[in-house]
Amino acid sequence: MSQATTTAPGHPARGNSQYTPLISGGADSGGSEGTSRVLNDLKRAEQDFEWYPTTDRMIERVAACMATDTSSIMDIGAGDGRVLQQLAERCDHEPELYAIEKSDVLIQAQPDHIIPVGTEFYEQNLACLPVDVIFCNPPYSDFETWTATVIESGHAKRAFMVITQRWIDSARIKQAIERRGATVRVIHSDDFHDAERRARAVVDILDVRYPLKRGYSRHDEAVDPFDLWFDQNVSTFDKPLEDVEELTGEDLAKTYGEASIPDMVASYDAEYQIMQDNYRAIFGLDYALLRELGVEKDAVRSGIKKKMVGLKNKYWQLLFDRLDALTRRFATRTREQFIDTLTRRSSIEFTVSNARAVVIWAIKNANRYYDQQVVDLFRDLSTFDGVENYKSNPKTWERDGWRYRAQDHSHYTLDYRIIVGGYHAIATESWRSCEYPGGLYKGCHEKIADILAVMGNFGYAVCSPASRSRTWSPGRWQDFELSDGRVLFQVKAHKNGNLHLRFLPEAIKQLNVEAGRLLGWLRGPQDAQDEIGCTEAEAVKWFGSSLRIAPSGVKLLTAI
């Protein structure tokens, strides 16, 4: 382990200075008036956890020291995300942004692209949250513990800490630096005298550099703090030479299919305790016996880590499976993107507050995905022969490659009759049945599923068999009927790869209205009347009709 070093320039306020409570991470307060408004909201909600926004001057100093190729940043005490957003602007490519924040008020104010990975600081295992950079502006009343924990267990290349200058006298922080083999230097000293929320506090910004695994490229990885912890705390294998049955995923689904978040967390905690007890029992065995059995230290360390991650993954997956109220309304690509984003959260601790924060994030982002899939379907169905200009749009278009450049065109509507070209539709060889369920190409099934998802979110309930349950023949229309007997749309596939679609006119009009609104082409119901010929009643009914899921609509939250 490398020798830790510290560099601390002058500390003019250290000694007898008095300090007021300091700091939770930065918030996008919108100036002093915005800060006062947010502060009032926090106090009403009893969530003013020493919230002192990080100043622009401090953020700029950190940004100037941070590598521009940073690919991921985590803010511990993130407020409403101002620090994360400003740091991200200094990166060459858009980094992934993660937040740990306790206040619901501030979490709700964070932009959608900031991903919550925890709420209560002491419930987090930072060693399981690898990122390039950690930023932390901790509460003054507990800055010593926060700083020591971040330094010891942070899984990053660097961390930037905004803390009172009294840190230099902390034996605990010095011990954390030495244990981790970190290098620490002060990059800036500042105060909150002219901040949006003033405080009598003088702080240092620390640049903490963690030990790295040396590689063959400049993209060296940070040493995993779990490995350091294992070496320091498990001595069984370093001495000189002189089962409980687990619940399977299927059992969990049966047992906790309707369980609340606290019930699932209680089960996770119990299973985690059993796992810990089992490993403690292993470490209690005589080391000579372990050597004789061929038990290697590296193998046990790897096994423990995988076991911990696997247990969390199992319960997070159970939680994600319970979000079917959100995911069943997604189109194919949307569902894949959403689930992929969600499953990245499975490395965080499985606690009630973390699970609640992730579900709230999922709801907020699900609504954004619902909007995006409306636009995606609208673009996918846009073809040269199947569109008409808005009444105020005199532009003419060329046919060549129109569909593949649909995003270059604007202010048009879809006709209720559409021909979508493609390379595959009806199977021509029987041996390719795996790619052609029921005789229709899998990509065509996905397109039909996308139409059903979007139209279902508009309120059109289809009761016909799924496309994969049908037998498809070239040139034969297939009807997808509503519960009231009307045909929502028809599909006819051809061997040349084309799909012919015919929609219920009112359904395609609603898609045109909502896509126009989301794309910014229609500013209100009156525009829908003027541009695409809707009646007043239709425009009022359809403008802003995209599905919205509220927290009250998800059982997991209402059962807490």
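One can find the structure itself at the top, above this paragraph.
The structure presented is a predicted model; accordingly, all values stated were derived computationally and were not measured.

Caption draft 1: The arrangement of the overall build of the chain in detail. From N to C terminus, the chain includes 19 helices and 16 strands. Among the 560 residues that make up the chain, the fraction classed as buried is 51%. Accessible surface for the chain amounts to roughly 26,700 Å². Of this, 47% is attributable to carbon and sulfur atoms.

Caption draft 2: Structural view of unusual backbone geometry. Backbone geometry places His411, a non-glycine residue, at a positive phi of 55 degrees. Structurally, His411 can be placed in the loop between strand 11 (387–389) and strand 12 (412–414). By relative accessible area, which is 28% here, His411 ends up partly exposed.

Caption draft 3: Quick peek at the pattern of salt bridges. Tallied over the entire structure, the rule returns 16 salt bridges. Residue Asp112 pairs with Arg368 through a salt bridge whose shortest N-O separation is 3.6 Å. We classify Asp112 as partly exposed; its relative accessible area is 23%. Here Glu271 ties to Lys314 by a salt bridge, and the two come within 2.9 Å at their closest N and O atoms. With Glu271 in helix 9 (residues 261–283) and Lys314 in helix 11 (residues 297–321), the pair connects residues that are 43 residues apart, well separated along the chain. Exposure remark for Glu271: the relative accessible area of 9% places this residue in the buried category.

Caption draft 4: Broad picture of the pairing of strand 14 (residues 478–481). In strand 14, alternate side chains face the same way, and those of Gln478 and Phe480 are buried while those of Asp479 and Glu481 on the opposite face are not. Note that strand 14 and strand 15 (residues 487–493) share four bridges and pair antiparallel. Note on strand 15: the bridge partner recorded for Gln478 is Val491. Connecting the antiparallel pair strand 14 and strand 15 is a turn made up of five residues, with Gly485 showing a positive phi of about 95 degrees.

Caption draft 5: Expanded view of the side chain of Ser546. In this fold, Ser546 is placed in the loop between helix 18 (536–542) and helix 19 (555–558). On the basis of relative accessibility, which here comes to 9%, the residue Ser546 falls in the buried class. Of note is the side chain of Ser546, whose polar atom sits 2.6 Å from the side chain of Glu514. The contacts of Ser546, once residues within four sequence positions are left out, are Asp371, Val374, Phe458, Glu514, Arg517 and Leu518.

Caption draft 6: Examining the nonpolar core more closely. Counting residues in hydrophobic clusters, the biggest one holds 65 residues, and the most contacted among them are Met74, Ile76 and Val150. No other element matches helix 14 (residues 352–380), which puts nine residues into this core. Val150 has contacts with Ile76, Phe121, Leu126, Ile134, Cys136, Ala159, Met161 and Tyr210, leaving out every residue within four places of it along the chain. Within the second largest apolar cluster, 46 residues are counted, among which are Ile426, Leu504, Trp521 and Cys534.

Caption draft 7: How the structure looks around the packing of helix 5 (residues 143–153) against helix 6 (residues 171–180). Put simply, helix 5 and helix 6 touch, their axes get as near as 8 Å, and they point 5 degrees apart. When the axis of helix 5 is compared with that of helix 6, the two are roughly parallel. Facing Phe143, Glu144, Thr145, Thr147, Ala148, Ile151, Glu152 and Ser153 of helix 5, the residues of helix 6 in contact are Arg172, Ile173, Ala176, Ile177, Arg179 and Arg180. Its residues assigned to classes, the contact of helix 5 with helix 6 comprises six nonpolar, three polar and five charged.

Caption draft 8: The arrangement of the packing of aromatic side chains in detail. Throughout the structure, instances matching the rule amount to 17 aromatic pairs. Ring centres of Tyr268 and Tyr315 lie 5.6 Å apart, and the angle between their planes is 75 degrees; on these two criteria the pair is classed as edge-to-face. One end of the pair, Tyr268, is in helix 9; the other, Tyr315, is in helix 11, with 47 residues separating them in the sequence. For the pair shown, Tyr268 and Tyr315 are each scored as buried. Ring pairs connect the aromatic residues Tyr268, Tyr272, Tyr315, Trp316 and Phe350, which therefore count as one cluster. Looking at Arg368, its charged tip hangs above the ring of Tyr369, at a distance of 5.2 Å from the centre. Arg517 extends its terminal NZ or CZ atom over the ring of Phe543, reaching a point 5.9 Å from the ring centre.

Rules used in this analysis
Here, residues in each chain are numbered from 1, in the same order as that chain's written sequence. Selection of residues for local features in this predicted model requires a pLDDT of at least 70, selection of side-chain atom pairs for listing and counting requires 80 or more, and totals for whole chains, interfaces and linings are taken over all residues. The side-chain numbers reported here are obtained from all heavy atoms of the structure, hydrogens and water having been left aside. In this text, helices come from DSSP runs of H or I with a minimum length of four residues, and strands from runs of E with a minimum of two, each type numbered from the N-terminal end. Relative accessible area decides the class of each residue, using a 1.4 Å probe on protein chains only: under 20% of the type maximum gives buried, over 50% gives exposed, and in between gives partly exposed. Every accessible area reported is derived by Shrake-Rupley at a probe size of 1.4 Å, with residue values counting cover from the shown protein chains alone. Only one rule defines a salt bridge in this text: a Lys or Arg side-chain nitrogen within 4 Å of an Asp or Glu carboxyl oxygen. The rule for pairing is simple: two strands pair if DSSP sees at least two bridges between them. Definition of a polar contact: a pair of N or O atoms within 3.5 Å, with one able to donate and the other able to accept a hydrogen when the atoms are protein atoms, and with sequence-neighbouring residues admitted only if both atoms are side-chain atoms. For this analysis, residues touch if any pair of their heavy atoms sits within 4.5 Å. Here the nonpolar core consists of buried residues drawn from Ala, Val, Leu, Ile, Met, Phe, Trp, Tyr and Cys, with membership extended through side-chain atoms lying within 4.5 Å. The axes used here are C-alpha line fits, helices contributing only the stretch in contact, and every angle between their N-to-C directions lies in the interval 0 to 180 degrees. Each angle receives one of four descriptions, namely roughly parallel if under 35 degrees, roughly antiparallel if over 145, roughly perpendicular if within 65 to 115, and oblique otherwise. Residues are grouped as follows: nonpolar covers Ala, Val, Leu, Ile, Met, Phe, Trp, Tyr, Cys and Pro; charged covers Asp, Glu, Lys and Arg; every other residue, Gly included, is treated as polar. Aromatic pairing here means that ring centres of Phe, Tyr or Trp (its six-membered ring) are within 6.5 Å. Orientation follows from the plane angle: under 30 degrees is stacked, over 60 is edge-to-face, and everything else is tilted. Ring-over charges, as used throughout, are those where CZ of Arg or NZ of Lys falls within 6 Å of the ring centre and within 35 degrees of the ring normal.

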